[in-house]
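Commentary on secondary and tertiary structure
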Amino acid sequence: MKVRTRFAPSPTGFMHIGNLRTALYAYLFARRHNGDFLLRIEDTDTERYVEGAIDTIYNTLSKAGIDIDEGPFKDGGVGPYIQSLRKDIYMRYAEELVQRGGAYYCFCAKERLDTLCDANGIKRYDKHCLRLSKEEIAAKLASGVPYVIRQNMPTEGESSYVDMVFGKISVPCSELEDNVLLKSDGMPTYNFANVVDDHLMGITHVMRGTEYLSSTPKYNLIYDSFGWQRPQYMHLPPIMKDAQRKLSKRYGDANFEDFLNKGYLPEAIVNYIALLGWSPKGNEEKLSMAELIDMFGVEGVSKSSSIFDEQKMRWLNALYLREKTTEEFCILATPFYQRSKVAGKYDYALLSKLLHQRVEILSDIPGMVDFLEEFEAYELALYEHKKMKTDALVARTAVQGALRCLKDIEFTEEQVMAALTAESEGLGIKKGQMLFCVRLAITGKASTPGGAVEIAELLGKEESLRRLEFSLRLLEK
RNA sequence: GGCCCCAUGGUCAAGCGGUUAAGACAUCGCCCUUUCACGGCGGUAACAGGAGUUCGAACCUCCUUGGGGUCACCA
């Protein structure tokens, strides 16, 4: 049988990293087995629907490099792929399930439901309407009493299945409640729509979060009542913010789009989340989509939750950034130059040459480059460098010398370098000491995206000399 | 609380009865170097605890502890 997997998000207007990983695994699994990957929108909860959410889902998947074989805008013959458009289908199947004894009509009012409690004080339906006679049901239906359709759970025994990652899961049927399958507004609940759709759409493998691990037996019972074949399940542990908290919308940083805006490359994000909860056989961690498809398998999927480590994603991002050409980097970096103090004032291509190999995420750029426009008094302690054997005293000599030798030359990289080299020899200090001090004197920063000569050239002669003089005054105090 | 699940360094994780318990990120040190970064080399750092089973347990069993999930006309 051809493998078919699906990603079935609710259109809540937000593409969470955890959801994206679920989609990714479903996609990788399908591709690995030459199967199909479908997108289905689960919008049966009309109250949670957010305008434009479907576009967000589409855009995210597309940027992430996850392509869809069938979905709302790409019919594969088993549509529609939006649940609200399938209302009549669920209705039909719900009625059939009632015929088969797997479900029943329930006319209980909210007030009655609220009084129902089990020994632990937990609300639980008591199968009251299951005992209604055919005539009573027909009469209520005819007189238009609002109703829902509930799943008829067995009261004894246990229901079990074998999950692809967790192995055998079994739950006592006594734990299972007669959940609502069809709401009074005629919409199905997740419990029902999911089963009906997965079956009708030919889904063979269901990937989803572990929050469904222990309710899956319920869904399986529906498959059984219909006489349908149950799919395989791959439940995925959650991605956490820390040991206790799940990564979530509430903490704001779990959104794919946010990471993009921070200057993460989609391929780095995808690569990183693929590794969160799954590990490849070998030791290679930088993996392209093609490699992921080739290597993905359940054996590597982890059972325990994992904490999202942005630091490691930064590292991966840096790897991806470095393998771009400087031209490509410049294009990616431009929006971030625009956002910085140097906006419009420097040659971005020149800046990119220096920054390309030093940037981990693009949003670091402004902070790395602002010193070009921002120069003020700094700590003289910066001149103390153990290995260079420099201090404020050496610096004074070096800066004086630099000022002297740079005044009358043409400001090219070669000339500046030659002048500083010669000057340091004349002063009897090391070239490294000279360059270190000059770099500091013209930037005021411990760390800069280039050496003295490169920065000097970037600043130009006038500004370089101005800064040298400024620093000299600082050093002479 | 009932039920389900999970548990290897700070983090991601390999490991499927016999290993000096991989590797990566982070961290620290050294080297390279015109700063920073890159790169190279090296270090610190883990089997939650307790009982079994076994000649032998990170791996199997049980208990404890800790954590997560779930118990909706939400998905």
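These lines cover the structure that appears in this document, whether it is placed above or below.

The rules behind these values
- Residues numbered from 1 in each chain as written.
- Chains lettered and ligands numbered in written order.
- Predicted model: local features only at pLDDT ≥ 70, side-chain atom pairs only at ≥ 80, totals over all residues.
- Heavy atoms only, no water.
- Pairing = 2+ DSSP bridges.
- Helix = DSSP H or I, 4+ residues; strand = E, 2+ residues; numbered from the N terminus.
- Axes fitted to C-alpha atoms, helices over the stretch in contact; angles between N-to-C directions.
- Core = buried A, V, L, I, M, F, W, Y, C linked by side-chain atoms within 4.5 Å.
- Buried < 20%, exposed > 50% of the residue type's maximum accessible area, 1.4 Å probe, protein only.
- Contact = heavy atoms within 4.5 Å.
- Parallel < 35°, antiparallel > 145°, perpendicular 65-115°, else oblique.
- Left-handed = near helix turned anticlockwise from the far one by under 90°.
- Near = heavy atom within 4 Å.
- Polar contact = N/O pair within 3.5 Å; in protein donor to acceptor, adjacent residues only side chain to side chain.
- Nonpolar A, V, L, I, M, F, W, Y, C, P; charged D, E, K, R; others polar.
- Phe/Tyr/Trp six-rings, centres within 6.5 Å; stacked < 30°, edge-to-face > 60°.
- Lys NZ or Arg CZ within 6 Å of the ring centre and 35° of its normal.
- Right-handed = clockwise from strand over helix to strand, strands pointing away.
- Salt bridge = Lys/Arg side-chain N within 4 Å of Asp/Glu carboxyl O.

A word on the sheet that holds strand S3 (residues 103–106)
Whether parallel or antiparallel, the strands of a sheet pair through hydrogen bonds between backbone atoms. Ordered in space as S3-S4-S7, the 3 strands form an open sheet in which the pairing is antiparallel. Both edges of this open sheet fall to S3 and strand S7 (180–182), since each of them pairs with a single strand only. Neighbour-to-neighbour, the strand axes of this sheet turn through a mean angle of 45 degrees, independent of strand direction. Where S3 lies against strand S4 (residues 148–151), 4 bridges are found, and the strand directions are antiparallel.

Some thoughts on the nonpolar core
One broad rule of soluble globular proteins: the nonpolar side chains tend to lie buried together. By size, the foremost hydrophobic cluster in this structure holds 155 residues, and its most contacted members are Leu61, Phe192, Phe308, Leu351, Leu406 and Leu468. Setting aside residues no more than four positions away along its own chain, Leu406 makes contact with Phe411, Val416, Ala419, Leu420, Lys461, Leu465 and Leu468.

Quick notes on the packing of helix H15 (residues 392–406) against helix H16 (residues 413–427)
Interhelical geometry of H15 versus H16 gives an angle of 130 degrees and a closest axis separation of 9 Å. By the criterion of interaxial angle, the relationship of H15 to H16 is oblique. Here H15 runs over H16; the crossing is right-handed. Within the contact between the two elements, H15 uses Thr397, Gly401, Ala402, Arg404, Cys405 and Leu406 and H16 uses Val416, Ala419, Leu420, Glu423 and Leu427.

Points about the protein's contact with RNA strand B
Every one of the 58 residues lining RNA strand B counts as a neighbour, but Thr44, Gly277, Glu285, Arg358 and Met417 are closest to it. If you look at RNA strand B and keep only atoms within 4 Å of the protein, 69% of those are sugar or phosphate atoms. Arg358 places a side-chain nitrogen or oxygen 2.4 Å from a base nitrogen of RNA strand B. In this structure, a sugar or linking oxygen belonging to RNA strand B sits 3.4 Å away from a main-chain N or O atom of Ala446. Elements with a minimum of two residues in the surface near RNA strand B: strand S6 (167–172), strand S11 (306–307), helix H11 (310–322) and helix H17 (431–443). Element by element, the count of residues in the surface near RNA strand B is highest for S6, at 5 residues. Each residue belonging to the surface near RNA strand B can be placed in one class, and the counts come to 21 nonpolar, 20 polar and 17 charged.

Focus: the packing of aromatic side chains
The geometry of an aromatic ring pair is captured by two quantities: the separation of the ring centres and the angle between the planes. One pass over the structure, following the stated rule, counts 22 aromatic pairs. Directly above the aromatic system of Tyr320 lies the positively charged group of Lys286, at a separation of 4.4 Å from the ring centroid. Over the aromatic face of Phe336 sits the side chain of Arg339, whose NZ or CZ is 4.4 Å from the ring centroid.

Details of helix H18 (residues 452–459)
Within H18, 6 of the 8 residues are buried, which leaves it mostly tucked inside the rest of the structure. Turning to H18, its buried residues are Ala452, Val453, Ile455, Ala456, Leu458 and Leu459. On the buried face of H18, the contacting elements are helix H13 (348–355), H16, H17 and helix H19 (461–476). Downstream of H18 by one or two residues, Gly460 has phi in the positive range, about 90 degrees.

Quick look at the pairing of strand S9 (residues 232–236)
Most of S9 sits out of view: 4 of its 5 residues are buried. Of the strand pairs in this sheet, strand S8 (residues 205–209) and S9 are connected by 5 bridges, and their pairing is parallel. Note that in S9 the partner of Arg208 across the bridge is His235. Chirality of the crossover, the property in question, places the unit of S8, helix H7 (residues 216–226) and S9 among those that are right-handed.

Overview of the packing of H16 against H17
Two packed helices can be described by the angle between their axes and the distance between those axes. Where H16 meets H17, the closest approach of the two axes is 9 Å, and the angle between their N-to-C directions is 120 degrees. In terms of their interaxial angle, H16 and H17 are classed as oblique. In this structure, H16 meets H17 at a crossing whose hand is right-handed. The residues of H17 that touch H16, namely those facing Met417, Leu420, Thr421, Glu423, Ser424 and Leu427, are Lys431, Met434, Leu435 and Val438. Tallied by class, the residues present in the contact of H16 with H17 amount to 6 nonpolar, 2 polar and 2 charged.

Thoughts on the pattern of salt bridges
In the structure shown here, the tally under the stated rule is 30 salt bridges. As a salt-bridge pair, Arg31 and Asp67 come within 3.0 Å of each other at their nearest N and O atoms. Here Asp67 lies in the loop between helix H2 (53–64) and helix H3 (87–99) and Arg31 lies in helix H1 (residues 17–32), a separation of 36 residues in the sequence. Classification of Asp67 by relative accessible area gives partly exposed; the value is 39%. Here Glu310 and Lys262 are joined by a salt bridge, their closest N and O atoms 2.8 Å apart. Placement of Glu310 in helix H11 and of Lys262 in the loop between helix H8 (256–261) and helix H9 (266–275) is noted, with a sequence separation of 48 residues between them. Judged by its relative accessible area of 24%, Glu310 is partly exposed. Assessed through its relative accessible area of 32%, Lys262 is described here as partly exposed. A network of salt bridges, in which partner residues are shared, links Arg6, Arg40, Glu42, Arg86, Asp197 and Asp198.

As for the pairing of strand S5 (residues 158–163)
Here S5 shows a buried face lined by Ser159, Tyr161 and Asp163 and an unburied face lined by Glu158, Ser160 and Val162. Note that S5 and S6 share 6 bridges and pair antiparallel. Across the sheet, Ser160 pairs through a bridge with Ser170, a residue of S6. Two successive antiparallel strands, S5 and S6, enclose a turn made up of 3 residues.

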